[in-house]
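Per-entry structural report
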Amino acid sequence: MLNHLSLASQLKSSTFNKALDIYHSDVKKFISSNQTAKEYLVHLNMFLYTYFLVEYNKDLEVFALQNERYIYSENNIHVLIELGEIILKGYTNKFSSELNQNDHELIEKALDYINKNYNKKITLQTVANKLHISRNYLCHLFKTKTGYKFCEYINLQRVNKAKTLIEENKKTFEFISFDCGFSSQSHFSTTFKKYMGLTPNEYKKELG
């Protein structure tokens, strides 16, 4: 059974020609008759449907079923090969369109979860599972939409909360470290200095 992962990963507007090159290479290797063309396209269609569902939580079932009907209704090998190109283009267009609509909602949910749970242990995988998307896609989406890496954003949230608590001058550094989700006081001090340019103690002294 063929693995179309390398082809699927190129189904973006910017890399679509690479996907076509892989497809044409497969055509030469595996398609020699109407029957082999149909078998290849049916498998490719199902693989792409499953790939987008698992990797990006995009359910393109209606489109996949429509493609399958077209494949089974055609008996000309040359038309079937052209149909494969149309199917690839269709997945690329539908993927881009649906992704743009949902990306904003996904990142809003991710930020909301982080903002409510910054004082707990948060991992990329945990948030990805909450959103039903892959870890890699969340990583890419986070950087693209916020300008920050996932861990950077969490650290900034924790530092900003710690800054507020230091300014209130009612809690010890030990309490602040724990309350803001840092693994230890040394981690708190190192991270705070990285983003603020001062240690928590130095920041407190500057406040007077």
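See the structure above.
Conventions we followed
Residues numbered from 1 in each chain as written. Predicted model: local features only at pLDDT ≥ 70, side-chain atom pairs only at ≥ 80, totals over all residues. Heavy atoms only, no water. Core = buried A, V, L, I, M, F, W, Y, C linked by side-chain atoms within 4.5 Å. Buried < 20%, exposed > 50% of the residue type's maximum accessible area, 1.4 Å probe, protein only. Helix = DSSP H or I, 4+ residues; strand = E, 2+ residues; numbered from the N terminus. Expected span 1.5 Å × (residues − 1). Salt bridge = Lys/Arg side-chain N within 4 Å of Asp/Glu carboxyl O. Phe/Tyr/Trp six-rings, centres within 6.5 Å; stacked < 30°, edge-to-face > 60°. Lys NZ or Arg CZ within 6 Å of the ring centre and 35° of its normal.

Ranked by size, the top nonpolar core spans 50 residues in total, and within it Tyr 91 and Leu 138 carry the most contacts. Contributions of two or more residues to this core are made by helix H1 (5-8), helix H2 (16-30), helix H3 (34-56), helix H4 (61-73), helix H5 (77-117), helix H6 (124-131), helix H7 (135-146) and helix H8 (150-168). At 14 residues, the largest contribution of residues to this core is made by H5. Counting residues in hydrophobic clusters, the runner-up holds 11 residues, among them Cys 180, Phe 182, Phe 188 and Phe 192.

For the rest of this paragraph, the subject is unusual backbone geometry. For His 132, which is not glycine, the phi dihedral falls at a positive 60°. Within the secondary structure layout, His 132 lies in the loop between H6 and H7. Phi angles above zero are rare outside glycine, and Asn 169 is one such case at about 55°. Turning to its location among the elements, Asn 169 is positioned in the loop between H8 and helix H9 (173-179).

Turning to H3, a few remarks are in order. With 23 residues, H3 extends 32 Å between its outermost C-alpha atoms, agreeing within 8% with the 33 Å of an ideal straight helix rising 1.5 Å per residue. If you check which residues of H3 are buried, you get Ala 37, Lys 38, Tyr 40, Leu 41, Val 42, Leu 44, Asn 45, Leu 48, Tyr 49, Tyr 51, Phe 52 and Tyr 56. Once H3 ends, the next one or two residues include Asn 57, with phi positive near 55°.

Before going further, it helps to examine the pattern of salt bridges. All told, the structure shown has three salt bridges when counted by the stated rule. Here Glu 105 makes a salt bridge to Lys 109, at a shortest N to O gap of 3.2 Å. Note that Glu 105 and Lys 109 are positioned in helix H5 at a spacing of four residues, about one turn of the helix. Taking relative accessible area as the criterion, Lys 109 reaches 45% and is therefore assigned partly exposed. Between Lys 163 and Glu 167 there is a salt bridge whose closest N-O contact spans 3.8 Å. Of this pair, Lys 163 and Glu 167 both sit in helix H8, four residues apart, which is roughly one turn of that helix. Given a relative accessible area of 22%, Lys 163 falls into the partly exposed group.

This part takes up the packing of aromatic side chains. Scanning the entire structure with this criterion turns up 11 aromatic pairs. Taken together, a centroid distance of 4.9 Å and an interplanar angle of 85° make the contact between Phe 63 and Tyr 91 edge-to-face. Of this pair, Phe 63 sits in helix H4 while Tyr 91 sits in helix H5, and the two are 28 residues apart along the sequence. With relative accessibility at 0%, the residue Tyr 91 sits in the buried group. On the numbers, 5.1 Å between centres and 40° between planes, the contact of Phe 182 with Phe 188 is tilted. You'll find Phe 182 and Phe 188 in the same group, each marked buried. Each residue in the set Phe 173, Phe 182, Phe 188, Phe 192 and Tyr 203 is aromatic and connected to the rest through ring pairs, giving one cluster. Over the face of the ring belonging to Phe 16 we find Lys 89, whose NZ or CZ atom lies 4.7 Å from the ring centre. Positioned over the ring face of Phe 173 is Lys 204, at 5.6 Å from the centre of the ring.

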